[in-house]
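Residue-level structure breakdown
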Amino acid sequence: MDKAEIKKRLNDIQSLPTLPPIVSKLNEMVADEEITAVKLGKVIEKDQVLTSKLLKMVNSSFFGFPQRISTVSNAIVLLGFNVIKTLIVTSSIFEVMQASDVGLFEHSLGCATACGIIAKRRDIKNPEEVSTAGLIHDLGKIVLRSELPDEYEAIVAKAKEKGLYMRDMEKATIGVGHGEIGGILARQWNLPERLVFPIEYHHKPEQAPDFKEIAAIVHFSDILIRAVGFGNGGDPWVPPLDHGAWERIKLTKSQMKEVIAELDEKLLELQDFTLDIKVEG
Amino acid sequence: MQRIPIKLAKAGMVLAKDAVTPEGQVLCGAGTSLSEELIARLKRQGVLVISVQGHPVRLPGEMVLSEKLKELDRRFSKVKDDPVLRALKHLIGEHLVIEEKGEEFLEKLKKGS
Ligand SMILES: [Fe+2]
Ligand SMILES: [Fe+2]
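Each value, and the rule that gives it
- Residues numbered from 1 in each chain as written.
- Chains lettered and ligands numbered in written order.
- Predicted model: local features only at pLDDT ≥ 70, side-chain atom pairs only at ≥ 80, totals over all residues.
- Heavy atoms only, no water.
- Contact = heavy atoms within 4.5 Å.
- Salt bridge = Lys/Arg side-chain N within 4 Å of Asp/Glu carboxyl O.
- Polar contact = N/O pair within 3.5 Å; in protein donor to acceptor, adjacent residues only side chain to side chain.
- Helix = DSSP H or I, 4+ residues; strand = E, 2+ residues; numbered from the N terminus.
- Donors = N, O, S within 2.8 Å, 3.2 Å for Na, K, Ca; no water.
- Buried < 20%, exposed > 50% of the residue type's maximum accessible area, 1.4 Å probe, protein only.
- Arc of directions from axis to C-beta.
- Phe/Tyr/Trp six-rings, centres within 6.5 Å; stacked < 30°, edge-to-face > 60°.
- Lys NZ or Arg CZ within 6 Å of the ring centre and 35° of its normal.
- pLDDT = per-residue confidence, 0-100.
- Axes fitted to C-alpha atoms, helices over the stretch in contact; angles between N-to-C directions.
- Parallel < 35°, antiparallel > 145°, perpendicular 65-115°, else oblique.
- Left-handed = near helix turned anticlockwise from the far one by under 90°.
- Nonpolar A, V, L, I, M, F, W, Y, C, P; charged D, E, K, R; others polar.

**Quick look at the interface of chain A and chain B**
Opposite the 28 residues of chain A that make contact, chain B presents 20 residues. There are one salt bridge connecting chain A and chain B. Between E265(A) and K17(B) there is a salt bridge whose closest N-O contact spans 3.1 Å. Taken together, the links from chain A to chain B amount to seven residue pairs in polar contact (both at pLDDT 80 or more). For the side of chain A that touches chain B, the secondary structure elements donating two or more residues are α14 (212-227), α15 (243-249) and α16 (253-280) of chain A. Considering each element in turn, the side of chain A that touches chain B owes the most residues, 10 residues, to α16(A).

Structure (structure tokens):
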């Protein structure tokens, strides 16, 4: 199967839950420059299930707001529309992920947590956007699994048998990696490039056409979360580090120490969060 | 420091962080030594998890320190030659030791070796 065919398959996704209809409406509303967070919030809040899911996510420890966010319009003001929209668009996919691959779900939440910690230290304008990029960086894997189940199984089996990275087996088997697949999807959903590029290039952040710093943070967070052994990204190994990206965001030994301690603490809170979801689900 | 479900709390354990309800209300502060009565009260008020000093409980499925360090080595086995990642592995290893045995233990370990 070549890339064009894969793209075609992705354009016509059947097995994944479809985008909530509210998304296109929201896109239209956002195009209107007069629109306020309050108005947008009101539209979203008409959907109670979506609202409660959304509030749960925005209050989770990886965004780390000290006070509880209790309304959608507050969430829009604090996190920005890009983040809220991404959470809405991906909420059903995360449900699939949680049910079919808890390890990857935890890997994603953990990566988002690490992204937030590093982004805040680097004084990035909207660190929640970086957390969100981390949250969805491996969406390509879920799509791969649900859209191309046979190929996916072959990839997993081969990676295990040969003791190799999943990403290399993807390339060898279907010609594209989950980074690219995630990028294709994110574009289809009209997510902004500051989210698309970090997803698409999370294994090779220096090749991103723009937003290299965010891509570098997602890249390193993906490594860091595997390094501490939280969740499961498909294979058990810490992947190679891109040294160009590291030069961009590099941390001193003592900063790294602090990041590890902070991450460990947040991951414990995160476990409460996933436990909470499991109990409710 | 270890985070444990309140069910596993025992008198004599010392809080490493404030005990809070899921709503974020602080009930008692870090450093408090737990008594049976206090544990019962925390449960009544809806506290689910607490952070205690040291590493008093081995949770089901939790590895002992030596296994954790071995796993750490295994995870890094493909990137052994990368100096940045080697340093990262070293720091994570130290963190694991400190979490279970405390800072002093690590210092002693460093002097001994
Ligand atoms: Fe990945
Ligand atoms: Fe990943």
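This is not the end of the story, as more comes after the structure.
**A short note on the coordination of the iron ion (ligand 2)**
All names here are of chain A. Coordination of the iron ion (ligand 2) by the protein involves H107 (NE2), H137 (NE2), D138 (OD) and D222 (OD), with metal-donor separations of 2.1 to 2.4 Å. Taken in chain order, the donor set of the iron ion (ligand 2) reads H-x29-H-D-x83-D. Taken as a pair, the iron ion (ligand 2) and the iron ion (ligand 1) show a spacing of 3.4 Å, with D138 coordinating each metal. Separated by 85 residues along the polypeptide, H137 in the loop between α8 (127-136) and α9 (139-147) and D222 in helix α14 bring together distant segments of the chain. Side by side, H137 and D222 carry an identical accessibility label, which is buried.

**Points about the pattern of salt bridges**
Residues and elements named next belong to chain A. Taken as a whole, this structure holds 18 salt bridges over all chains when the rule is applied. We note a salt bridge from D101 to R145, for which the minimum N-O separation is 2.9 Å. Of the two residues, D101 is situated in the loop between α6 (81-100) and α7 (102-121) and R145 in helix α9; the sequence distance between them amounts to 44 residues. Residue classification places D101 among the buried positions, given a relative accessible area of 17%. Of the charged contacts, one joins R226 and D222 as a salt bridge, the two residues approaching to 3.7 Å between their closest N and O atoms. Of this pair, R226 and D222 are both found in helix α14, four residues apart, which corresponds to roughly one turn of the helix. Given a relative accessible area of 2%, D222 falls into the buried group. Here the residues in one salt-bridge network are R167, D222, R226 and D235, joined through shared partners.

**Brief notes about helix α3 (residues 37-45) of chain A**
Considered for burial, the residues of α3(A) that qualify are L40(A), G41(A), V43(A) and I44(A). For α3(A), the buried positions fall inside an angular range of 160° around the axis, keeping them on one side.

**Remarks on the environment of L27(B)**
Residue and element names in this part refer to chain B. Turning to its location among the elements, L27 is positioned in strand β3 (residues 26-28). Sequence separation between L27 and Q45 is 18 residues; the distance between their C-alpha atoms is 8.5 Å. Not counting residues within four places of it along the chain, the set of residues in contact with L27 comprises A19, T21, R41, L42, Q45 and V47.

**A word on the packing of aromatic side chains**
Each aromatic ring pair is summarised here by two numbers: the centre-to-centre distance and the angle between the ring planes. Within the structure shown, the criterion is met by five aromatic pairs over all chains. When the ring of F62(A) is compared with that of F63(A), the centres are 4.8 Å apart and the planes differ by 55°; the resulting orientation is tilted. Taking the centre distance of 6.3 Å and the plane angle of 65° together, the rings of F197(A) and Y201(A) count as edge-to-face. Here F197(A) matches Y201(A) in class, with each residue buried. Put simply, the rings of F197(A), Y201(A) and F211(A) pair up and form one aromatic cluster. Here the basic side chain of R167(A) rests over the ring of Y165(A), its NZ or CZ set 5.9 Å away from the ring centre. Lying across the ring of Y165(A), K78(B) places its NZ or CZ 5.6 Å from the centre.

**Things to note about the confidence of the model for chain B**
Residue and element names in this part refer to chain B. In the predicted model, chain B carries a mean pLDDT of 89, and the fraction of residues at 70 or more is 99%. The least confident element of chain B, judged by mean pLDDT, is helix α4 (residues 103-112) at 79; the most confident is helix α2 (residues 65-75) at 95. Interface confidence in the predicted complex, given as ipTM, is 0.88; pTM for the same model is 0.87.

**Some points on the packing of α7(A) against α14(A)**
Residue and element names in this part refer to chain A. Packing of α7 against α14 brings their axes to within 8 Å, and their N-to-C directions diverge by 125°. Considering the angle they form, α7 stands oblique to α14. Where α7 crosses over α14, the handedness of that crossing is right-handed. Across the interface between the two elements, H107, G110, C111, A114, C115, I118 and A119 from α7 touch I217, V218, F220, S221, D222, L224, I225 and R226 from α14. Of the residues in the contact of α7 with α14, the class split is 10 nonpolar, three polar and two charged.

**Remarks on α2(B)**
Among the residues of α2(B), those classed as buried are L65(B), K68(B), L72(B) and R75(B). Buried residues in α2(B), looked at end-on, bunch into an arc of 80°, giving them a common side. The exposed residues of α2(B) that point more than 90 degrees off its buried face are S66(B) and K70(B). For α2(B), the elements touching its buried residues are α14 of chain A together with α3 (83-101) of chain B.

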